[in-house]
Amino acid sequence: MIWYKKSKLLLPIFLGLTVALVAYTNCSNKSFTVSNETLQRLLSESSSVYINDDEVYTNSSTVNLTIENNSAGEMYVTNTKDCSAGGQWEPYSTTKAWTLAEANVRTKAYVKFREAGSTIESACTWDSIIHDNTVPTLAVVQAAPTVTNSTNLSFQFSAADNLSGIKAFNCKDEKGLPFASCQEMMTLSPLKEGPGSATVIAEDNAGNFSAPLIQTWLADFTAPKVFINSTPSPISNNISGVFSFSGTDNFSSRLIFECKLDAGAYTACTSPYNFNLTEGVHNFEVRAKDDAGNISNVASYAWTIDLSAPTVRLVTFPSAFSNSSAAPFTFDGMDDGVAITRFDCKIDSSAFTSCTSPTTQSGLSNGSHTFQVRGYDRAGNMSSPASYTWVIDTQAPQVQITSNPAKETNQRTATFQFVATDTGTGIQLVECRVDSAAFQACNNLSVQYEDLIQGNHTFQVRAKDLAGNSSSTVSYMWFVDLTPPALSFIRTPMNPTTDRLAVFEMRVTDNSTSPLLVECKLDGGIFATCSLNQALNMTEDGTHNFSVRAKDSAGNVSAVLPYSWLLDSTGPAINFTSIPDLNIGILDNPEIGFTVVDTHSPVSSVVCGFQGQTASCPVIQSVVYRDLTAGTYNYSVTAIDALGNSSTKSLSFTVKNNIRQVSQNIDVIVNNKADIVVVIDNSGSMKVEQQNMAARFATFLDQLNGLDWRVAIITTDVDNDAIKKDGRFLMFDNMELQSATPVFYIHSGMDKTAAKAAFAATIQRPPSEGSGQEQGIAASLRAIQRSQDAASVVASAPNRAFFRSDAVLNVVVVTDANETNRNGTQPQNTPQFWFDSVRTLWPTKPFSYSSIIVRSGDTACRNTAGNEGYGTSYEKLSQLTGGIIGTVCASDYGTQLAQMGQSVANLRRTVSLNCAPLNQNKNGTLLDDILVTLQSGDSLAVAAVSGQTLTVASDFPAGTHRLDYWCY
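Residues numbered from 1 in each chain as written. Predicted model: local features only at pLDDT ≥ 70, side-chain atom pairs only at ≥ 80, totals over all residues. Heavy atoms only, no water.

## Description of the overall build of the chain
And step 1. In terms of helices and strands, the chain carries 9 helices and 69 strands.
And step 2. The C-alpha radius of gyration of the chain comes to 62 Å, more than 25% above the 30 Å expected for a compact globule of 968 residues.
And step 3. Within the chain, the fraction of its 968 residues that count as buried is 43%.
And step 4. By sequence separation, contacts in the chain at least 24 residues apart represent 66% of the contacts at least 6 residues apart.
And step 5. Counting every atom, the chain has about 48300 Å² of accessible surface; 50% of that belongs to carbon and sulfur. (Helix = DSSP H or I, 4+ residues; strand = E, 2+ residues; numbered from the N terminus. Rg over C-alpha atoms; globule rule 2.2 N^0.38 Å. Buried < 20%, exposed > 50% of the residue type's maximum accessible area, 1.4 Å probe, protein only. Contact = heavy atoms within 4.5 Å. Areas by Shrake-Rupley, 256 points an atom, 1.4 Å probe, with all protein chains shown as cover.)

## As for the state of the cysteines
And step 1. What the rule picks out here adds up to 9 disulfides.
And step 2. At a sulfur-sulfur separation of 1.9 Å, the disulfide partner of Cys-520 is Cys-530. Taking the sign of the torsion about the S-S bond as the criterion, the disulfide between Cys-520 and Cys-530, at about 65°, is right-handed. Here Cys-530 lies in the loop between strand S46 (528-529) and strand S47 (533-537) and Cys-520 lies in strand S45 (residues 517-522), a separation of 10 residues in the sequence. Exposure class is identical for Cys-520 and Cys-530. Each is buried. (Disulfide = S-S within 2.5 Å.)

## Looking at the pattern of salt bridges
Note on pairing: side chains with opposite charge can pair once their charged atoms come close.
And step 1. Across all of its chains, the model carries 23 salt bridges by this definition.
And step 2. Note that Asp-726 and Arg-786 form a salt bridge whose closest N and O atoms lie 3.0 Å from each other. Remark: Arg-786 occurs in helix H4 (residues 776-786) and Asp-726 occurs in the loop between strand S60 (708-715) and strand S61 (746-747); sequence separation between them is 60 residues. Take Asp-726 and Arg-786: they sit in the same class, and that class is buried. (Salt bridge = Lys/Arg side-chain N within 4 Å of Asp/Glu carboxyl O.)

## Comments concerning the nonpolar core
Most often, soluble globular proteins keep nonpolar side chains buried together rather than apart.
And step 1. Counting residues in hydrophobic clusters, the biggest one holds 40 residues, and the most contacted among them are Met-693, Phe-700, Val-711, Ile-746 and Phe-759.
And step 2. The set of elements that each furnish at least two residues to this core consists of strand S59 (673-680), helix H2 (687-702), S60, helix H3 (752-763), strand S62 (808-814) and helix H9 (894-905).
And step 3. Non-local contacts of Phe-759, meaning those with residues more than four positions away in its chain, are made with Val-678, Met-693, Phe-697, Val-711, Ile-713, Phe-732 and Ile-746.
And step 4. Counting 27 residues, the second largest nonpolar core, distinct from the first, contains Val-677, Val-679, Phe-729 and Ala-778. (Core = buried A, V, L, I, M, F, W, Y, C linked by side-chain atoms within 4.5 Å.)

## Regarding unusual backbone geometry
And step 1. Following Ser-271, the chain continues to Pro-272 via a peptide bond in cis, the omega torsion being 5°.
And step 2. The peptide bond linking Ser-357 to Pro-358 adopts the cis configuration, its omega dihedral lying at 0°.
And step 3. Secondary-structure assignment places Pro-358 in the loop between strand S31 (353-355) and strand S32 (359-361).
And step 4. Unlike most non-glycine residues, Asn-104 shows phi in positive territory, near 60°.
And step 5. Within the secondary structure layout, Asn-104 lies in the loop between strand S7 (95-99) and strand S8 (106-114).

## Details of the sheet that holds strand S36 (residues 408-409)
And step 1. Taking strand neighbours across the sheet as the criterion, the 5 strands line up as S36-S42-S41-S38-S39 in an open arrangement whose pairing is mixed. The two strands at the open ends of the sheet, each matched to only one other strand, are S36 and strand S39 (440-441).
And step 2. Where strand S38 (residues 427-434) meets strand S41 (residues 455-465), 7 bridges bridge the pair, whose relative direction is antiparallel. By the bridge assignment, Leu-429 is partnered in S41 with Lys-464. (Pairing = 2+ DSSP bridges.)

## Topic: the environment of Ala-757
And step 1. Counting through the fold element by element, Ala-757 comes out in helix H3.
And step 2. Residue Ala-757 is classed as partly exposed on the basis of its relative accessible area of 43%.
And step 3. Sequence separation of Ala-757 and Ala-695 is 62 residues, and the distance between their C-alpha atoms is 9.4 Å.

## Examining the packing of helix H6 (residues 831-841) against helix H8 (residues 872-881)
And step 1. Contact geometry of H6 with H8 gives a least axis separation of 9 Å together with a crossing angle of 40°. What the angle tells us is that H6 and H8 run oblique. Taken as a pair, H6 and H8 cross one another with a handedness that is right-handed. Contacts between H6 and H8 involve Pro-831, Gln-832, Trp-834 and Phe-835 on the former and, on the latter, Ser-873, Lys-876, Leu-877, Leu-880 and Thr-881.
And step 2. Of the residues assigned to the contact of H6 with H8, the class counts are 5 nonpolar, 3 polar and 1 charged. (Axes fitted to C-alpha atoms, helices over the stretch in contact; angles between N-to-C directions. Parallel < 35°, antiparallel > 145°, perpendicular 65-115°, else oblique. Left-handed = near helix turned anticlockwise from the far one by under 90°. Nonpolar A, V, L, I, M, F, W, Y, C, P; charged D, E, K, R; others polar.)

Okay, here's the thing in structure tokens:
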């Protein structure tokens, strides 16, 4: 979109004329017309619009537009950007009254043009203007004084505006003159005494006027007057007194007074004015100040204070800490060298009462006390009190032992902790001793004694407070025992033994008078409290270890007393290593194998029995029974160890004569079609395997030369309701150049390089897409079942289009785990169910199932980081269908993929049998037990038999052929 701002550029425009706008050629007979683009450009370049003759500001929403265009017949005026809406076409006019759409912003008016009756429009041109209808605001920067005693004053102000800015200020004062232009500070001089005022108004560039700003003041040039109304006596012995005073002024109703005493400074004061002074000659002055700052005359008053007081002292008094309830005192006092005779005394919080020296305070309680005495001179002046504080404490302190050794201990070091308390004066001294030693100071409230001998000991502690009161002595007695207890067995189990009941009796001796603690433990357990008589019911055979120890109340522990014995109460373990099926045919040769082991005692004898006939056997036995007739057979093994424990294990199986001859007809249609489904494990551990498949799948396709092949890809994830799960085909990546629609399989008709690249890109799945429930068997069966869904099932459309009834079928699974349904193995997860389901759907279709997995017994591959388990279910399905079994741990998948590709080419030589064939002649091979008779009457040699899959030596010809073989 091209925007044109207003422009006064006028270009010559030739609208409606034929204009040649092409380069010169030999086309002299050509005719030319002006293009729509040229017309639009010419209309646009001559266009302009002005709001209010291009003014910058307006305070009105109604404006006048001046419009210019040299050739327009119609115009479209709007407030909408790009002229897309909000107006209507009207005849062109050079002016137009217009209402702006926005207020208090920079706003625009838009115009576009066209010729009358034409559809070719010019670009949208515009003009802008700042709309401002908000009045400016005035603020005081420096206000005029409310009251002044100066003959001139100034005040300062400022203004603010939202958009257009301040244009001018207008001021006037109380003299009544009209408003005049002024600056941001107004000065008035000379002032006349009395009230005054001034007014300011601001105007912005859009023509808006502010509200008036008014300043008022009072001019006062006359000083107030002050008067003292009341005073103290000219001579006084009172250090305090009161002055009262007042003042008058012509304007101020409230005066500020300032007072000073003697040589001090003037300070603010109010009437009445209270004072508190020392004796001597004093002078008081007061003055007043009005609101304008005018100061009055000074009023003053002088007087004398006599405050000479006597002094008092205590001569004798009690000790600071006393244990007596009586307290004697003596005292005296002087005034100007003359003894005074009048005193007042008080004790604690009682009132002062008249007293004489000496005096005794009696019957005082325990605690802190304060005695005070004061005196008076002849003029009645009172002295300051003389004071003394002391503490009376008549109660003895208390001592408590808080930590001590046990009453019986094996520790030669004894630590005591104790607390000494006193409710009165506090502890002065704490003393301790052990046994008969002398008392010694132990004021740290903790004491330790070392190298104590075995025997009884006594600890004592006492305390004395600051008042001289002594506590009673507190004692603690304990016994030091340094001798551990001794243990011995009275009765133990036999060693070895077959008895599961193990009885122990123990004896313990110790010099402690308190009960002993006995602890026992068995085998790898921990010591636990027990009695000296123990009867243990042993549940496991083997060597057992019993230990016992004793601990006395002093903490001495005896040496651990151990006992070991062997318990063997069970016979040898008999494990069958080979067991016949419960029901077998007469052509089978059942094998029975076993091992006999005894963990604790040697095996002394083994007896085997078959159909009631017994004989001595080795501890490891394997025997095959051949040519058994129909019937039920029993086999038993009995073993005895060196202690006489015996065990017996037996089994039974039935041999049936259930051989049946099978004649199976097969219809063969000869073509070169092959449908191939690759099942990729898309869990997070499969990154390397997917890369190997991507790198070497070309070797698989190379073996299919000459075949009409198709390849689709599914994942092992069968969870429902997801685009890439439950047997749905994956859409191939990188196929945009091959097809305009989604591609769900590659085929032999495509460019082989593009097909290989698409397979490599698609087989490598992002780790976040996968599931930990790998179900390759169930997923491939769902892919086949989807091919049979009705046309209304949209998700199954690629499957219906892929499978061909007359094509051989090969499935290749790549996974590092076994079939792992989260709900346990279901029928759809089993090899036989898959085989039977495909066989039922396509009775004559050759098919195979190949696996790239962790093969059974390949522990190195199983233990490779990321691999989850042996793929036993996939192995069984590959064996059942004659498929190839590869390993996911191969560093290069080329060889095994080539073998799988060749096996697909060979599927034209395979057929699925109705049942697993029998080796009737018992020669160890099935190749001569199956007769293949062609429709022509000729025979075809059998090349291989795998499970229920037969492979012949050469391709089947078209026609109906017969297979004869034997099954159970």
